[in-house]
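What follows is the residue order along each chain.
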Amino acid sequence: MHSFKKFGAWLMGPKSDFLLLVLVIALANLVGARAFFRLDLTSQGSYSLSQASRELVSSLEEPVSVRVYFTKNLPSPYNSVESYLDDLLSEYRGHAKKGRFAYQFLDMEEAENRQQAQAWGLQNVQVQEVKDTEVGLKSAWMGLVLVYGDGAEVLDSLTTTEGLEYRLTTTLGRMIAMNDTLAGLDGKIQLTLYASSSLGKFGIGGFKELPGEVSSALDRVNKRNRNRIVFSSVDPAPLDMDALVGKYGLQKISWAAGRDGTPEGSGLLGLTLEKGDRFISIPLELTRGLFGGYGIRGLETLEDSISGALQSLLSRSVETAYLTGHGEKSLWDARSGAARLQSLVQDRYSLTEYEKVQDVPAAVSSIMINGPRSAFSEDELYALDQFLMRGGNLFLLLDPIAEILPDQQMQMYGAQPTYESIDTGLQKLLTAWGVEFSSSYVMDKACYVARQQGAGDVPLYYVPQLPKEGLNPKHPVSKNLAYVLFLQTGALSAPSLSQGLSFTPLASSSRESWIPEKITSLNPYSIMPPSEDAMESKTLAALIEGTFPSAFASPPTTEIPAEEGEADAGKKQAASPVQSADLSATRHLSSSAQSGRVAIFGSSAITTPSVMDEKGSQPVAILVRNAIDWLNGNSDLIPMRTKGLSLNTLDKTTKAQRDAVRAVNLYGLPAAVILIGFAVWRLRVARRKRIKDQYMPARTHNTEVAE
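Owing to the predicted nature of the structure, the values given are computational and were not obtained by experimental measurement.

Trainee: Honestly, the overall build of the chain in this entry has me stumped. Any pointers?
Mentor: Helices and strands together make up the secondary structure of the chain, namely 17 helices and 28 strands. The C-alpha radius of gyration of the chain comes to 35 Å, more than 25% above the 27 Å expected for a compact globule of 707 residues. Taken across its 707 residues, the chain has 41% of its residues classed as buried. Pairs at least 24 apart in sequence give 73% of the contacts found in the chain among residues at least 6 apart. Counting only carbon and sulfur atoms, one obtains 53% of the accessible surface of the chain, whose full area is about 40,200 Å². Where the 69 positive side-chain charges of the chain centre and where its 78 negative ones centre are 12 Å apart.

Trainee: How should I be thinking about a negative patch on the surface in this particular structure?
Mentor: Taken together, Asp107, Glu109, Glu110 and Glu112 make up a surface patch of like negative charges. With respect to the element layout, Glu110 can be found in the loop between β2 (101-106) and α5 (111-119).

Trainee: Sorry, what's going on with the packing of aromatic side chains here?
Mentor: How two aromatic rings sit relative to each other is given by the distance of their centres and the angle of their planes. Within the structure shown, the criterion is met by ten aromatic pairs. Ring plane angle 15° and centroid distance 5.6 Å describe the contact between Tyr92 and Phe101, whose orientation is recorded as stacked. Neither residue differs from the other here; Tyr92 and Phe101 are each classed as buried. In textbook terms, an aromatic cluster arises when at least three aromatic residues are bridged by ring pairs, as seen for Phe395, Phe486 and Phe601.

Trainee: How should I be thinking about the nonpolar core in this particular structure?
Mentor: A general trend in soluble globular proteins is that nonpolar side chains are found buried together. In this structure, Phe395, Met443, Phe486 and Phe601 are the most contacted members of the largest nonpolar core, which totals 58 residues. Broken down by element, the residue count for this core peaks at nine residues, all from helix α15 (residues 619-631). Counting 33 residues, the second largest nonpolar core, distinct from the first, contains Val364, Leu394, Leu430 and Trp433.

The rules behind these values
- Residues numbered from 1 in each chain as written.
- Predicted model: local features only at pLDDT ≥ 70, side-chain atom pairs only at ≥ 80, totals over all residues.
- Heavy atoms only, no water.
- Helix = DSSP H or I, 4+ residues; strand = E, 2+ residues; numbered from the N terminus.
- Rg over C-alpha atoms; globule rule 2.2 N^0.38 Å.
- Buried < 20%, exposed > 50% of the residue type's maximum accessible area, 1.4 Å probe, protein only.
- Contact = heavy atoms within 4.5 Å.
- Areas by Shrake-Rupley, 256 points an atom, 1.4 Å probe, with all protein chains shown as cover.
- Lys, Arg positive; Asp, Glu negative; His and termini not counted.
- Charge placed at Lys NZ, Arg CZ, Asp CG, Glu CD.
- Patch = residues over 30% accessible without salt bridge, like charges linked within 9 Å, V, L, I, M, F, W, Y side chains within 5 Å.
- Salt bridge = Lys/Arg side-chain N within 4 Å of Asp/Glu carboxyl O.
- Phe/Tyr/Trp six-rings, centres within 6.5 Å; stacked < 30°, edge-to-face > 60°.
- Core = buried A, V, L, I, M, F, W, Y, C linked by side-chain atoms within 4.5 Å.

Shown next as structure tokens:
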């Protein structure tokens, strides 16, 4: 009993404090190892899974295995990618059902793991490393392999955290769709090599080995895709060549009669992947070497080509109609067209070209019109109007002015581009909605500045550079973006917006913007900003949503379309007691039958390589892709794309604010320390005085008593 009281006194006393502290820390670590939670305080939720990822991973029907081949102890900034990837995969596993998601970081110091990485096709890259004041290169692995069902996908070159969740989720979603499609596929997919044996006499490099190369590449693809593809090689008969060229677009190779008596002739060379009435032609291009002789281009990437063709053949991507009949940006022009845009969105959307609106199938829900130059006919405008009335969505990238470049010969003599107004007729639809589009470019003093040697900084007023303050922070399409470049853009406004519609600005220029009445030159030295009172912010991109009014009181024509084939039509008319001219038909809608969506951007140049990078990481590329997602009802994908701390820029401040912060840092903090020190000193003085008042009188009293 005595010892128990003694232990209790020790426990309550100060001697046990240190030991109890150590005990509490040890218990806390044990609990934390088994149950923990994290708080993501970033505004973008950078370290948390988005809703789309959580739904995808929680609905997995089969286990997913992730093998991460990532070299440890990489220099900054690559070391942060590894920890971010670890956190991200941990989040995926936490939201998946038990046993449905597993991942493993492999030790790349072991030769076996490096061989595995090479077998998967991962590339060993060189990264710069600063060590002991020396700059060197370090070999690194930075990739992973996703395995789902019988399929596998490789994600290589994971050098940044930006868009990493988007890549993981969309790849996993594509694998699930592919796996389901292959599992439910009826029959086999046919891979056919068309190679004329007559080509063998020309000594084409790789021609004899071509069947074996294709077969080997197919074996590797088949291992990841349930062995659904069968291979055959065909030596086409001369009479069948033209038909095959017309059907598959194969390369036809012709030759003239040779001096050695070789007769003229022709042959075929090509590879097709076919299922039912759908097919994909895989390019095998004949090339000529620098020192003569011929070879076949594409053999080194056969596996990737077959795998990509399989995904395209079985893809369930959303089709978006892309109009081409009015001088729009070409989807196949990689220099000044929209080829890069098509490449960036092909993981989710297939842009299908249609010359006219009337050709767009009823199943397509979105139409993109990118930089039209000529006028739409009344019938086309009406078809576009009624497409919107029936719940369709439009993405309009309009230009106020067309830049006409002189030919190369005139450019040599110093000829300058000219600028002409564009009249597409689409203004009729905008007017019905209550929206106006400017007739000239927006100039902005807050613009991209080109640095030229010998000329210093040159502001390009026709390239507005939008900081975070210029982008709508509340709408998901523009949220978390900053420093978006707009090139040669017009301005939008909604002075008399139609009832039932909402007009949401996405991107706006600075308050130092203006619209010149006429553009004669874009030479920076010939553009003079007006006075400040003539400048104001302009809307460069906007979203319109709601019930749209029709721009037409009635259809342009009410005639019933004639049947194809005059003979058949004549027979039917003759058999009918009523003439077709007596009948009319209409499906005219005067307002939207259901809510529609329209995205309007004041520039089509932003879809060209001039401002859109190849990887789609530039803010303007993200903005355009977000708008496409919003139009197609895939807004849940947007937060994944905009995750990235590099987009979370600082707020723009005025000079007065910066001076105030600087003054606080320079003088405020020292002054605060002095004031606090003075206060502490005064408190100590007061404390001594209280002690003195409390004890000194007693000492004085005792002295008096002793006397």
